[in-house]
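Examination of the molecular architecture
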Amino acid sequence: MFYDLSASTWGPEENDAIRRTIQSGRFTMGEQVALFEREFAAYFGMKHGVMANSGSSANLIAVAALFFKKDRPLERGDEVIVPAISWSTTFHPLQQYGLKLRFVDVQLETLNLDVNKLERGLTPRTRAIVAVSILGNPAALDVIERFAREHDLYLIEDNCESMDAELNGRKTGTFGLLNTFSFFFSHHISTMEGGIVLTNDLELDHLMRSIRAHGWTRDLPAGSPLFQRHGDDHFEAYRFILPGYNVRPLELGGAIGREQLKKLPAMTAQRRRNLALFQNLFAGDERFILQRENGKSSCFSFTIILNPACHMERDRVFAALRNADIGFRMITGGCFLRHDAIRYFDYDVVDGGVPNADLAHDRGFFVGNCPQDLESQLVHLRHVLDRACQ
Ligand SMILES: Cc1ncc(COP(=O)(O)O)c(C=O)c1O
């Protein structure tokens, strides 16, 4: 394909890491995962990292952990404020744990939660907010963090699309009590499948370690606040304290992640150079609504919404992109309220509608970014869109 949605970022270092891991004979979660968790958390200046087999699983164990906290656990029927655009598995664990979702529209320019509507999202049962930075662009995390503190809400940051982005000199994925990341192919770093939760809270860290692996105690250190160890090793070896899952990562993922993490700053810098070029090429053209950067985007991809005021036919634009061999797709998962899965949710919609999320769903798309020089692809994209939108 002339301009694909994504590209592999693996090189000889990742291949060597795979070979070393296979030669070690250790395939299940072990030392490499533990080292990666520590190194990844340190990169973000956070205390604890719990790796899982995907970003979706990271969201699942993060939400689950809040239900088993000793102090003020979440309860079924509690409410959580969420943006109308995100990936399905931002929302699914909330449904699975019996929470009621209050959807807030996004800002059309940033594609992130419209913080002017936060107050209206609040009810006496609101206990949490999930903040999502869409496609590398930081949400108004400073405002959301303040709001969460003022109203005593748990803040979960789903940062699966925005690793290494920054707001006011602070990395996204560090604002929440719990912060999730994805290492799926095409994300900022890739371990094939994989994800992690970062937190500074020791109890939540231990809860997630147990929930990640069968709900047992085996991965918890002596002196964990979660349980008292008995004398009998026979029973201690298979002691289940929580209703957990098995969402452990593979040792290979840890080994690959350590190599990818070393490359992250250079990869982000290249993504940002591509973003600067994209912004230059399209700036000031009112036919296309681009994502406005809030802070420093780590630019997962380039979003374009066809301005409804300019009456361009979406299908004509999509056909032109296909003919030009340019990959494109829906912005994240589009508006979640438009998906069939919503019928299983207990939810309501702040202000009764989400017009911006609907517009992004109907007239938006993204083309890929990756840590390579994309000048010829972006220049060609500009040319193709110009012709299609005459
Ligand atoms: C915002 C968001 N959350 C969660 C996920 C799930 O991550 P994974 O694909 O690693 O399960 C994604 C996937 O891209 C995502 O975009």
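So, here's what we can say about the structure. Computed from a prediction, not measured in an experiment: that's the story for all the values here.

Moving on, we come to the layout of surface pockets. The space that makes up the largest pocket amounts to roughly 490 Å³. What lines the largest pocket is a set of 29 residues, among which Trp-87, Ser-182, Phe-184, His-187 and Phe-300 lie closest to the centre. Looking at the lining of the largest pocket, the element that brings in the most residues is helix H3 (residues 55–67), giving three residues. Split by residue class, the lining of the largest pocket holds nine nonpolar, 16 polar and four charged. Of the pockets and cavities examined, the second largest pocket occupies roughly 280 Å³. Leu-153, Leu-155, Phe-175, Gly-176 and Leu-177 are the residues nearest the centre of the second largest pocket, which is lined by 17 residues in total. When contributions to the lining of the second largest pocket are tallied by element, the ones reaching two or more residues are helix H6 (141–150) and strand E5 (154–158). Broken down by element, the residue count for the lining of the second largest pocket peaks at three residues, all from H6. Grouping the amino acids of the lining of the second largest pocket by side-chain chemistry returns eight nonpolar, four polar and five charged.

Before going further, it helps to examine the sheet that holds strand E3 (residues 100–104). Spatial ordering of the open sheet is given by E1-E9-E8-E5-E4-E2-E3-E12, a layout of eight strands whose pairing is mixed. Of all strands in the sheet, those bounded by a partner on one side alone are strand E1 (48–52) and strand E12 (347–349). In this sheet, neighbouring strand axes are inclined to one another by 20 degrees on average, regardless of whether the strands run parallel or antiparallel. Against the sheet, H3 touches E1, E5, strand E8 (178–182) and strand E9 (195–199), its axis set at about 165 degrees to E8. Relative to E1, helix H7 (residues 202–212) is tilted by about 15 degrees, and along the sheet it contacts E1, E8 and E9.

Take the packing of H3 against helix H4 (residues 88–96) next. Relative to each other, H3 and H4 sit at 35 degrees, their axes nearing to 9 Å. Read as a crossing pair, H3 and H4 show a hand that is right-handed. On the side of H3, the interface is formed by Ser-56, Asn-59, Leu-60 and Val-63, while H4 contributes Thr-89, Thr-90, Pro-93, Leu-94 and Gln-96. Tallied by class, residues from the contact of H3 with H4 come to four nonpolar, five polar and no charged.

In this section: the site of the ligand. If you check the shell around the ligand, you find 15 residues, and the closest are Gly-55, Ser-56, Asp-158, Glu-161 and Ser-182. The separation between a nitrogen atom of the ligand and a polar side-chain atom of Asp-158 is 2.8 Å. Measuring from an oxygen atom of the ligand, one finds a side-chain N or O atom of Glu-161 at 2.6 Å. Across the complex, the protein chains shield 91% of the 390 Å² of accessible surface that the ligand would expose by itself. The set of elements that each furnish at least two residues to the shell around the ligand consists of H3 and H4.

H7 sits mainly inside the fold: ten of its eleven residues count as buried. Of the residues making up H7, those classed as buried are Glu-203, Leu-204, Asp-205, His-206, Leu-207, Met-208, Arg-209, Ser-210, Ile-211 and Arg-212. Of the surrounding elements, those touching the buried residues of H7 are helix H2 (31–43), E1, H3, E8 and E9. A distance of 3.0 Å separates the backbone nitrogen of Glu-203 from a side-chain oxygen at the start of H7, and that oxygen is part of Asp-201. Just downstream of H7 lies His-214, where phi reads positive at about 70 degrees.

What counts and how
- Residues numbered from 1 in each chain as written.
- Predicted model: local features only at pLDDT ≥ 70, side-chain atom pairs only at ≥ 80, totals over all residues.
- Heavy atoms only, no water.
- 1 Å grid on protein atoms, 1.4 Å probe; cavity = no way out; pocket = protein on both sides within 12 Å on 5 of 7 lines; lining within 4 Å.
- Points joined across faces, edges and corners; volume = space filled by probe spheres on them.
- Helix = DSSP H or I, 4+ residues; strand = E, 2+ residues; numbered from the N terminus.
- Nonpolar A, V, L, I, M, F, W, Y, C, P; charged D, E, K, R; others polar.
- Pairing = 2+ DSSP bridges.
- Axes fitted to C-alpha atoms, helices over the stretch in contact; angles between N-to-C directions.
- Contact = heavy atoms within 4.5 Å.
- Left-handed = near helix turned anticlockwise from the far one by under 90°.
- Near = heavy atom within 4 Å.
- Polar contact = N/O pair within 3.5 Å; in protein donor to acceptor, adjacent residues only side chain to side chain.
- Areas by Shrake-Rupley, 256 points an atom, 1.4 Å probe, with all protein chains shown as cover.
- Buried < 20%, exposed > 50% of the residue type's maximum accessible area, 1.4 Å probe, protein only.

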